Amino acid sequence: MKNIVLIGFMGTGKSSTGRLLAGRLGRPFIDVDRKIERETGLTIGELFAQHGETYFRAREKAAVARVARYRKAVIATGGGVVLDPDNMRRLRAGGVIICLTATVQVILERTGRRSTRPLLARPDREEIVARLLAERAPLYGQADFTLDTSDLTPQLTVEKIIAFL
Ligand code: S3P
């Protein structure tokens with residue numbers, strides 16, 4: 001049985017949806033960012049601050065290579081996982097890829113002003129979100145199924161994913 005892999009921008013609901021979906025399907029849930037935090041003993045913010053984004057991406061790649069070998073899991077990835085084609089090749093080989101999206105406004109509301117996300121912890125976060133979304137749109141477009149969660153609760157998002165599966 002294939003993994004169910006959630007990709008998508010920060011604030012689109014990958015972690016909350018993934019946890020609920022795994023519970024509903026009785027499958028293990030893996031959140032790649034939380035796994036990296038456990039393995040390094042640092043928060044994602046601390047990892048970026050102390051070691052830089054390049055180091056974080058290397059840790060992310062190593063974690064993805066391991067979780068992609070799981071079976072039957074629900075996997076929530078970090079928003080930048082799509083930047084590395086190797087990540088996507090590995091995740092796709094053993095999983096169905098579901099992309100969650102949301103409008104810029106909803107993303108800004110959900111990620112909050114004092115964001116724990118290093119890429120958004122800056123005054124021009126609105127421009128950053130718009131720019132990163134535009135840059136990454138073709139990469140998120142590789143999914144098997146895309147769902148806009150702007151007007152959906154995590155519960156409704158889960159129902160729609162189950163209907164697709
Ligand atoms: C990132 C998204 C974050 C986290 C890191 C970088 C990104 O994960 O991996 O801050 O590049 O979009 P979430 O999408 O779970 O916030």
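Now for a look at the structure at hand.

Criteria and thresholds
Residues numbered from 1 in each chain as written. Predicted model: local features only at pLDDT ≥ 70, side-chain atom pairs only at ≥ 80, totals over all residues. Heavy atoms only, no water. Buried < 20%, exposed > 50% of the residue type's maximum accessible area, 1.4 Å probe, protein only. Helix = DSSP H or I, 4+ residues; strand = E, 2+ residues; numbered from the N terminus. Arc of directions from axis to C-beta. Contact = heavy atoms within 4.5 Å. 1 Å grid on protein atoms, 1.4 Å probe; cavity = no way out; pocket = protein on both sides within 12 Å on 5 of 7 lines; lining within 4 Å. Points joined across faces, edges and corners; volume = space filled by probe spheres on them. Pairing = 2+ DSSP bridges. Axes fitted to C-alpha atoms, helices over the stretch in contact; angles between N-to-C directions.

A separate point is helix α3 (residues 44-51). Buried within α3 are the following residues: Ile 44, Leu 47 and Phe 48. One side of α3 holds all its buried residues, which, seen down the axis, span an arc of 95°. Contacts from the buried residues of α3 go to α2 (32-40) and α4 (53-67). Just downstream of α3, Gly 52 is the residue with a positive phi angle, here 90°.

This brings us to the layout of surface pockets. Its volume calculated, the largest pocket comes out at about 610 Å³. In terms of lining, the largest pocket is formed by 33 residues, of which the most central are Met 10, Gly 11, Lys 14, Asp 33 and Arg 117. Breaking the lining of the largest pocket down by element, the ones donating at least two residues are α1 (14-25), α2, α3, α4 and α8 (154-164). Counting residues per element, the lining of the largest pocket draws most heavily on α1, at 4 residues.

Looking now at the sheet that holds strand β4 (residues 95-101). One open sheet accounts for 5 strands, arranged β2-β3-β1-β4-β5; its pairing is parallel. With one partner strand each, in any of the chains shown, β2 (29-31) and β5 (145-148) form the two edges of the open sheet. Ignoring which end each strand starts from, the neighbouring axes of this sheet average 20° apart. Sheet topology places β2 next to strand β3 (residues 74-76); 3 bridges connect them, and they run parallel. In the sheet register, Phe 29 faces β3, and the bridge partner there is Val 74. Against the sheet, α1 engages β1 (3-8), β2, β3 and β4, with an angle of about 165° to β1.

Remember, this is a structural readout, not a statement about activity or role.
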